[in-house]
Amino acid sequence: NYLLEDAVDDRLTNISQQELARRVGPTDATLVLCGHSHQQHAAFASPKCVVLNPGSVGCPRSADNPAMDRVEAGGPFARYAVATRLRDAWSVEMIALSYDWSPVVERARANGRADWADGFVGIP
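Residues numbered from 1 in each chain as written. Predicted model: local features only at pLDDT ≥ 70, side-chain atom pairs only at ≥ 80, totals over all residues. Heavy atoms only, no water.

### Re the environment of L4
At step 1: Here L4 shows up in the segment before β1 (5-8).
At step 2: Classification of L4 as buried rests on a relative accessible area of 2%.
At step 3: A sequence separation of 36 residues divides L4 from Q40, and the C-alpha atoms of the two residues are 10.0 Å apart.
At step 4: L4 has contacts with T13, N14, I15, L20, C34, H41, A43, V51 and N53, leaving out every residue within four places of it along the chain. (Helix = DSSP H or I, 4+ residues; strand = E, 2+ residues; numbered from the N terminus. Buried < 20%, exposed > 50% of the residue type's maximum accessible area, 1.4 Å probe, protein only. Contact = heavy atoms within 4.5 Å.)

What follows is the structure, given as structure tokens:
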């Protein structure tokens, strides 16, 4: 299951703020970190609670997506986020870096994960 998205027709769609608030539930947290979808995204669960998925490094979303031709993150960039506390709020900077992903493809194949390696096929 995903926290920030729902799977619909082999694609991920962002959920509404109301649904996110329901999933997170009552909390005193001002920052909630999540993952699993590999999609970089930040959203408010409440006026004071930011939910952040920083993304993924070395594994595009398509790795576990049954529709392998869909790299929903937009490519296998190294994606991460920097969250900075500013008084009573969070500032979130999303970063996507290009890198030489050929060693990742080689490692995936060596580990018997051709499906993961295929997530990089056709990407310059």
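Additional details are given in the paragraphs that follow.
### A closer look at the pairing of strand β2 (residues 11-14)
At step 1: Bridge count between β1 and β2: four bridges; the pairing is antiparallel. From the neighbouring strand, V8 faces β2, where its bridge partner is R11.
At step 2: Linking two consecutive strands that pair antiparallel, namely β1 and β2, is a turn of two residues; a positive phi of about 50 degrees is found at D9 within it. (Pairing = 2+ DSSP bridges.)

### A word on the packing of aromatic side chains
At step 1: This model, assessed by the stated rule, comprises two aromatic pairs.
At step 2: The interplanar angle of 90 degrees and the centroid separation of 6.2 Å between the aromatic rings of F77 and W101 together place this pair among those described as edge-to-face. Placement of F77 in the loop between β5 (49-53) and β6 (78-86) and of W101 in the loop between β7 (89-97) and α2 (102-110) is noted, with a sequence separation of 24 residues between them.
At step 3: Centroid distance Y99 to W101: 5.5 Å. Interplanar angle 80 degrees. Geometry classified as edge-to-face.
At step 4: On the basis of relative accessibility, which here comes to 25%, the residue Y99 falls in the partly exposed class.
At step 5: Members of the aromatic cluster, connected to one another through ring pairs, are F77, Y99 and W101. (Phe/Tyr/Trp six-rings, centres within 6.5 Å; stacked < 30°, edge-to-face > 60°.)

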